Amino acid sequence: MFEYKAKISVLGLLFCANACASESVDVLHWWTSASERGATRFLQSKLLEEKIEWRDAAIPGGGGIGAMRVLKSRVLAGKQPAVAQLIGPAIAEWADLGLILELDQVAKTHGWHKSLSPTVSNLLMHREHTVAAPLGLHRINNLYYNVRLFRQLGLPEPRSMDDFKRAALRLAAANIIPLGQSSEAWQVATLFETLVLMEGGPTFYRDVFVERSATAYLDARFARALNRLRQMRTYTHVGAGKLPREQSWTDVAQQFAAGQIGMVIMGDWFKGELLSMGQKLDTDFACTTVPNTQQYHLYSIDSFVMFSGDYSQQTVQEKVAQLMVSMPVQQGYNRIKGSVPVRRDLDPKAIAALDRCAASSWQTFNRGKVVQAPSLVHRMATDEKFKDAIVAQIQKFYLDDRISVADYQQRMSAMVRALNIQEGNME
Ligand code: BGC
């Protein structure tokens, strides 16, 4: 009943969009799955309450690969959107070009920097100016498992890699795919970065993906992560001789919900998607952290920037930014999206309303930098060029099991050194 009423009111709000809204903004983003659309609809309804129409420019492609290309070509053609999803160091790169609206006044009036953790705050800053509005915090080192299958097979929640292995073998024996994993480049690399964190912890992780140390790629911990990736690949199918399959992450979610897959390692947008499919947390599926990473937080922070253009939309853009960070939007949006609020100042009631995975994500992240690892794949660690080169190489390694780990390490290390030299960072 509640859901029905909510749908009617969103429909009502959308229906009167043109008539009721006094301003509209063009929003470019990469949210196209069911939960992402649900979260977007929530934002649209909140904006409409303020008489702002969100004109949608959604570009399909998990991880935002397509959206970034479209954004570049739109800007080059002088047709930049008023609002765009932009995350991580890319925010500063675009701000460097002088195209992004400064949001200092909004940030000051609404005390953003007092209520955000230093990591989030820093991401929004460019030359002492606030240039982005943060919406949600995703955790990537999550393990999802099918509760019914685990119960049927008498399997406990995997807390260690031994538990994980045992579960994988039992699932395979029952003819269930143990680990749902697409061979799409960004999805393989998302798994791999979790394994680097597992094997090396946050400091080593940063050496590899943030500091881009060529010697870190030759390290034994990097070798262990590569071996683990190979091991993981053996769990992605049942029976011999099957090749890795390139699927969208939402297809993996469908298969998981249908009971064809036992476990999935993925960012918590996966939880949002399962919930939007009607799956119940702890009844149909459960989430926990990937073994040996429970005290760490591999993060991606979704944020939006406002393109300044001729400044004619500044007032409405500031209002959009303010709404995104406001407490009611943070709480409502993140519940649908699978992420958690970026704000540290949640009251005890709001904290109690988080499910167990969300609570663990929020609490762990707010312990500070020592436990945090910025996602390479989801644009938190370094620039696009470096990210794309590494992601492509990881997929190659995953697809071709004839490459030896030692050769691959040499190749990666040489590539990293060359990229660093090209960009003037010596190592
Ligand atoms: C974004 C999420 C999104 C996911 C899948 C990530 O890079 O941060 O918001 O749901 O990609 O498209």
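Reading the values: the criteria
- Residues numbered from 1 in each chain as written.
- Predicted model: local features only at pLDDT ≥ 70, side-chain atom pairs only at ≥ 80, totals over all residues.
- Heavy atoms only, no water.
- UniProt positions renumbered as here; feature names shortened; annotations may be inferred.
- Near = heavy atom within 4 Å.
- Polar contact = N/O pair within 3.5 Å; in protein donor to acceptor, adjacent residues only side chain to side chain.
- 1 Å grid on protein atoms, 1.4 Å probe; cavity = no way out; pocket = protein on both sides within 12 Å on 5 of 7 lines; lining within 4 Å.
- Sits in = over half its atoms within 2 Å of the grid points.
- Points joined across faces, edges and corners; volume = space filled by probe spheres on them.
- Helix = DSSP H or I, 4+ residues; strand = E, 2+ residues; numbered from the N terminus.
- Nonpolar A, V, L, I, M, F, W, Y, C, P; charged D, E, K, R; others polar.
- Domains from an automatic or database assignment.
- Salt bridge = Lys/Arg side-chain N within 4 Å of Asp/Glu carboxyl O.
- Buried < 20%, exposed > 50% of the residue type's maximum accessible area, 1.4 Å probe, protein only.
- Core = buried A, V, L, I, M, F, W, Y, C linked by side-chain atoms within 4.5 Å.
- Contact = heavy atoms within 4.5 Å.
- Buried area = accessible area lost by both parts, 1.4 Å probe.
- Expected span 1.5 Å × (residues − 1).
- Axes fitted to C-alpha atoms, helices over the stretch in contact; angles between N-to-C directions.
- Parallel < 35°, antiparallel > 145°, perpendicular 65-115°, else oblique.
- Pairing = 2+ DSSP bridges.

The name recorded for the protein chain in an unreviewed UniProt entry is Probable sugar-binding periplasmic protein, from Chitinibacter mangrovi. The heading Function (unreviewed entry) in the UniProt record of the protein chain holds the text "Part of a binding-protein-dependent transport system for a sugar." A UniProt comment under Subcellular location (unreviewed entry) is attached to the protein chain, and it reads "Periplasm".

### Side note on the site of the ligand
Every residue lining the ligand is accounted for by Trp-30, Trp-31, Glu-36, Gly-62, Gly-63, His-138, Trp-249, Trp-269, Ser-300, Asp-302, Lys-337 and His-378. Lys-337 places a polar side-chain atom, nitrogen or oxygen, 2.7 Å from an oxygen atom of the ligand. Taking His-378, its side chain carries an N or O atom lying 2.7 Å from an oxygen atom of the ligand. More than half of the atoms belonging to the ligand lie within 2 Å of the grid points that define the largest cavity.

### Describing the layout of surface pockets
Estimates place the volume of the second largest pocket at around 390 Å³. Ile-65, Arg-379, Glu-384, Lys-387 and Asp-388 are the residues nearest the centre of the second largest pocket, which is lined by 19 residues in total. Of all the secondary-structure elements, those providing two or more residues to the lining of the second largest pocket are helix H4 (65-76), helix H5 (90-96), helix H11 (185-209) and helix H19 (384-399). Per-element accounting of the lining of the second largest pocket gives the leading share, seven residues, to H19. Partitioning the lining of the second largest pocket into residue classes produces nine nonpolar, two polar and eight charged. Each of domain 1 (2-139 + 301-370) and domain 2 (142-297 + 376-422) contributes no fewer than three residues to the lining of the second largest pocket.

### Topic: the pattern of salt bridges
One pass over the full model with this rule turns up 22 salt bridges. Note that Lys-319 is salt-bridged to Glu-50, the shortest N-O span being 3.6 Å. Taken together, the residues Lys-319 in helix H15 (residues 314-325) and Glu-50 in the loop between helix H3 (34-49) and strand S2 (52-58) connect sequence positions 269 residues apart. Under the relative-accessibility criterion, Lys-319 is labelled partly exposed at 27%. With a relative accessible area of 37%, Glu-50 lands in the partly exposed category. In this structure, a network of salt bridges that share partners links the residues Glu-157, Arg-159, Asp-282 and Arg-356.

### Considering the nonpolar core
In this structure, Phe-209, Phe-222, Met-263, Phe-270 and Ile-390 are the most contacted members of the largest nonpolar core, which totals 78 residues. Leu-43, Met-68, Ala-95 and Leu-123 belong to the second largest nonpolar core, which has 65 residues in total.

### Things to note about the domain arrangement of the protein chain
The domain architecture assigned to the protein chain consists of domain 1 (2-139 + 301-370) and domain 2 (142-297 + 376-422). Distance between the C-alpha centres of domain 1 and domain 2: 27 Å. Taken together, the contact pairs 32 residues of domain 1 with 34 residues of domain 2. Buried area between domain 1 and domain 2, both sides added, is near 2,600 Å², and the carbon and sulfur share of it is 53%. Ranking the residues of domain 1 by area buried against domain 2 places Arg-139, Arg-356 and Cys-357 at the top, with a combined share of 25%. The interface formed by domain 1 and domain 2 includes three salt bridges. Among the ionic pairs, Lys-271 bridges to Asp-355, the shortest N-O distance being 2.9 Å. Summed over the shared surface of domain 1 and domain 2, the number is 12 residue pairs in polar contact (both at pLDDT 80 or more).

### Considerations on H4
Over its 12 residues, H4 runs 17 Å from end to end, which matches the ideal 16 Å to within 8%, given 1.5 Å per residue. The inward-facing, buried residues of H4 contact strand S1 (23-29), S2, strand S3 (83-85), H5 and H19. Of the residues trailing H4, Gly-78 is marked for its positive phi of about 75 degrees.

### Comments concerning the packing of H3 against helix H14 (residues 269-276)
For the pair H3 and H14, interaxial distance at closest approach is 7 Å and the crossing angle is 85 degrees. Put simply, H3 runs roughly perpendicular to H14. Contacts from Ala-34, Ser-35 and Glu-36 of H3 reach H14 at Trp-269, Gly-272, Glu-273 and Ser-276. Its residues assigned to classes, the contact of H3 with H14 shows two nonpolar, three polar and two charged.

### A closer look at the sheet that holds strand S9 (residues 261-265)
On the basis of which strands lie adjacent, the open sheet formed by four strands has the order S8-S9-S7-S10 and mixed pairing. Taken across any chain shown, the strands that pair with only one partner, and hence form the sheet edges, are strand S8 (177-180) and strand S10 (285-289). Pairwise comparison of adjacent strand axes, ignoring direction, gives a mean angle of 20 degrees for this sheet. In terms of strand pairing, S8 meets S9 through three bridges, oriented parallel. Each bridged residue has a counterpart across the sheet, and for Ile-177 the counterpart in S9 is Ile-261.

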